[in-house]
Amino acid sequence: MKTYTPTIGIEVHAELKTNTKMFCDSKNDPHAGEPNVHVCPICMGHPGTLPVINKQAVQHVVKVGTAIGGEIASYTEFDRKNYFYPDIPKGYQISQYEFPLVKGGELAGVKITRVHLEEDTARSLHDVTEGSVVDYNRAGVPLMELVTEPVIHDSKTAGDFARELQLLLRTLGVSDANMEKGEMRVEANISVSDSMTFGTKVEVKNLNSFKSVEGAIEYEIERQIDMLEKGEKVVQETRGWDEIKGKTFSQRVKESANDYRYFPDPDLPKLSINVDDFISDMPILPREKREKYSNLGLTREQIEIIISDRYVCNFFDEAVHDLSSENGAPKLLANYLLTDLIPLQTSSSFFTTAFPKKFADLIKLVNTGEIGSRVAKDLISEVVIDGKDPHDLIRERGLGQVASTDVLQSVVDQLIADHPTVVNEYRAGKENALQFLVGQGMKLTKGAARPQTLLEILKKSIS
Ligand code: MN
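Residues numbered from 1 in each chain as written. Predicted model: local features only at pLDDT ≥ 70, side-chain atom pairs only at ≥ 80, totals over all residues. Heavy atoms only, no water.

J.: Could you give an account of the packing of helix α5 (residues 286-295) against helix α6 (residues 300-307), with specific residues and numbers?
T.: Interaxial distance between α5 and α6 falls to 10 Å at its minimum, and their mutual angle equals 140°. Compared by their axis directions, α5 and α6 come out oblique. Here α5 and α6 pass one another in a crossing that is right-handed. Seen from α5, the contacting residues are Pro 286, Lys 289, Arg 290, Tyr 293 and Ser 294; seen from α6, they are Ile 303, Glu 304, Ile 306 and Ile 307. Residues of the contact of α5 with α6, tallied by class, amount to five nonpolar, one polar and three charged. (Axes fitted to C-alpha atoms, helices over the stretch in contact; angles between N-to-C directions. Helix = DSSP H or I, 4+ residues; strand = E, 2+ residues; numbered from the N terminus. Parallel < 35°, antiparallel > 145°, perpendicular 65-115°, else oblique. Left-handed = near helix turned anticlockwise from the far one by under 90°. Contact = heavy atoms within 4.5 Å. Nonpolar A, V, L, I, M, F, W, Y, C, P; charged D, E, K, R; others polar.)

J.: Account for a negative patch on the surface, naming residues and giving values.
T.: On the surface, Asp 154, Glu 218, Glu 222, Asp 226 and Glu 229 cluster together to form a negatively charged patch. Along the chain, Asp 154 turns up in the loop between β11 (142-148) and α2 (155-172). Relative accessible area serves as the criterion here: at 32%, Asp 154 is assigned to the partly exposed category. (Patch = residues over 30% accessible without salt bridge, like charges linked within 9 Å, V, L, I, M, F, W, Y side chains within 5 Å. Areas by Shrake-Rupley, 256 points an atom, 1.4 Å probe, with all protein chains shown as cover. Salt bridge = Lys/Arg side-chain N within 4 Å of Asp/Glu carboxyl O. Lys, Arg positive; Asp, Glu negative; His and termini not counted. Charge placed at Lys NZ, Arg CZ, Asp CG, Glu CD. Buried < 20%, exposed > 50% of the residue type's maximum accessible area, 1.4 Å probe, protein only.)

J.: Which residues make up the side chain of Glu 15, and what values do they have?
T.: Within the element layout of this structure, Glu 15 appears in strand β1 (residues 5-15). The exposure class assigned to Glu 15 is buried, which follows from its relative accessible area of 5%. At a separation of 3.2 Å, a polar atom in the side chain of Glu 15 contacts the side chain of His 31. Sequence-distant contacts of Glu 15, defined by excluding residues within four places in its chain, comprise Pro 30, His 31, Asp 120, Arg 138, Val 141, Pro 142, Leu 143, Val 174, Ser 175, Gly 182, Glu 183 and Arg 185. (Polar contact = N/O pair within 3.5 Å; in protein donor to acceptor, adjacent residues only side chain to side chain.)

J.: Provide a residue-level description of unusual backbone geometry, including the pertinent values.
T.: In most cases, non-glycine residues show a negative phi, while peptide bonds are predominantly trans. Despite not being glycine, Ala 177 has its phi angle at roughly 50°, a positive value. Mapped onto the fold, Ala 177 is located in the loop between α2 and β12 (184-193). Taking the relative accessible area as the measure of exposure, Ala 177 reaches 0% and is therefore buried. Phi is positive for Asn 206, close to 55°, though the residue is something other than glycine. Considering the arrangement of structural elements, one finds Asn 206 in strand β13 (residues 202-207).

J.: Explain the packing of aromatic side chains to me, and be specific about the residues and the numbers.
T.: Under the defined criterion, the tally for this structure stands at nine aromatic pairs. Seen from their ring centres, Tyr 83 and Tyr 260 are 6.0 Å apart, and the 65° between their planes marks the pair as edge-to-face. Taken together, the residues Tyr 83 in the loop between β4 (79-82) and β5 (92-95) and Tyr 260 in the loop between β15 (247-253) and β16 (263-264) connect sequence positions 177 residues apart. For Tyr 83, a relative accessible area of 27% puts it in the partly exposed group. Residue Tyr 260 is classed as partly exposed on the basis of its relative accessible area of 24%. Each ring, one from Phe 350 and one from Phe 351, has its centre 4.8 Å from the other, and the planes form 75°; the classification is edge-to-face. Phe 350 gets classed as buried once you look at its relative accessible area, which sits at 7%. Following the ring pairs from residue to residue traces out a cluster consisting of Tyr 83, Tyr 97, Tyr 260 and Tyr 262. Positioned above the aromatic ring of Tyr 260, the side-chain terminus of Lys 81 is 4.5 Å from the ring centre. (Phe/Tyr/Trp six-rings, centres within 6.5 Å; stacked < 30°, edge-to-face > 60°. Lys NZ or Arg CZ within 6 Å of the ring centre and 35° of its normal.)

J.: How would you explain the pattern of salt bridges if you had to name every residue and give the values?
T.: This model, assessed by the stated rule, comprises 33 salt bridges. With a shortest N-O distance of 2.9 Å, Glu 15 and Arg 185 are connected by a salt bridge. Residue Glu 15 is found in strand β1, and its partner Arg 185 is found in strand β12; the two are separated by 170 residues along the sequence. Across the pair Glu 237 and Arg 223 runs a salt bridge whose closest N-O atoms are separated by 3.8 Å. Residue Glu 237 is found in strand β14 (residues 237-242), and its partner Arg 223 is found in helix α3 (residues 210-229); the two are separated by 14 residues along the sequence. On the basis of relative accessible area, Arg 223 is assigned to the buried category, the value being 16%. By sharing partners, the salt bridges in this structure join Glu 15, Asp 120, Arg 138 and Arg 185 into a single network.

J.: Please set out the nonpolar core residue by residue, giving values where relevant.
T.: Formed by 62 residues in total, the largest nonpolar core has its most connected members in Ile 10, Leu 117, Met 144, Leu 169 and Met 184. Residues within four places of Met 184 in sequence aside, it is in contact with Val 12, His 13, Ala 14, Ala 162, Leu 165, Gln 166, Leu 169, Ala 177, Asn 178, Met 179 and Phe 210. The next biggest cluster of nonpolar side chains, apart from the first, holds 40 residues, and it includes Ile 307, Ala 329, Leu 337 and Leu 379. (Core = buried A, V, L, I, M, F, W, Y, C linked by side-chain atoms within 4.5 Å.)

J.: Report on the packing of helix α8 (residues 329-341) against helix α11 (residues 373-384), specifying residues and quantitative values.
T.: The description of two packed helices rests on the angle between their axes and on the distance between the axes. Their axes nearest at 11 Å, the elements α8 and α11 cross at an angle of 75°. On the basis of the axis angle, α8 is roughly perpendicular to α11. Along its contact with α8, which presents Tyr 336, Asp 340 and Leu 341, the element α11 presents Ser 373, Ala 376, Lys 377, Ile 380 and Val 384. Residue composition of the contact of α8 with α11, grouped by class: five nonpolar, one polar and two charged.

J.: Can you tell me about the pairing of β12, naming the residues and giving the values?
T.: The buried fraction of β12 is high, at nine of ten residues. Where β1 lies against β12, ten bridges are found, and the strand directions are antiparallel. Across the sheet, the residue bridging to Glu 11 is Glu 187, located in β12. Direction of pairing for β12 relative to β13: antiparallel, over a ladder of four bridges. Bridge pairing in β13 places Asn 189 opposite Glu 203. (Pairing = 2+ DSSP bridges.)

Below, the structure written as structure tokens:
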């Protein structure tokens, strides 16, 4: 068998979170329960109506462009993309062609070609008993389209790219980017080739989960290689993805390139953009967070878990804010967050109603040795969920560790007096005799002694 190189380019459409639609003041709520409740003559495409550009939508795309290091257009315009379909009431979609808002950029190691702004189409609903309905709630919803360069060569990179984009859109607050709801839709252009020239590309649409993105790409690479091996030709076409069968299937064959007859929309003004006016409130980006957390001593796994959930991430940021990075306190905080707190999460509001500052106080007590890990684990839900002060709880219940040198020195004196044989064994070189003495010391203090301090004083006193 020859060696084939797969080449993949990704196109993503994301519904932007704005109050109103792209060109009118109908509510932006494409997932409203009832069809056709958020409509007006503009998004229904009635003759004689005039569109007005939604500034918030432009702002969202400029933020994305800034985050990916793309070039923000100083001049941009909207074009009409002409085609006929029931879900497109005007007979054209307002999109951007020659002058997209953003050119270039990079995300998760993947080069980006462009990011532009357009309007979403309506949605056709088909029901056996009730017939078909065209729902215009979604018509005119602001839609961001992002296109990558054909620089991806495997399914994992494509999936990771989509995940990173979702995280970015959520961090920027520009889209909820929920793939199952169609708020983020991924298409993959896939070809394989055994030479320096690209093979025939196949477009796979409607990938509504990361798993489908990866599965469809893997399937398609294999299918195309099989065809070429048999001496068959790959047909340029659009294919869908059957999640259950785990296969792509032909939807329509492209006989010639679509001619959309793009031309600038004469009803809309050209825009010149001053980036500074648009990005005053950029949040901390995922890559900046990764760097910050890595400097705090967190592991890669910990970092990815924390940044993948914005509520957990905000909670962690607030808690870590007061902790000095010395002595590994932030790392300790992350350990407790991941192993003891996240498993307690009962609802999505858990981390918005929990008490980060109290959590930080608890971790400080562990880090200074005032309480042991057993006590910290016992108190964590009262402190973080109920907001009780850990200092109060420890005082009231007498849970603090004894770390006072004076107190522990008298415990050590007692231990030496009680166990002369063991002391001599240690002096003779039996290292683990010391562990026995620490154990006896913990017993003597009913578990209140700070073991590390006890050990240090024992060592000093015996040797
Ligand atoms: Mn598009």
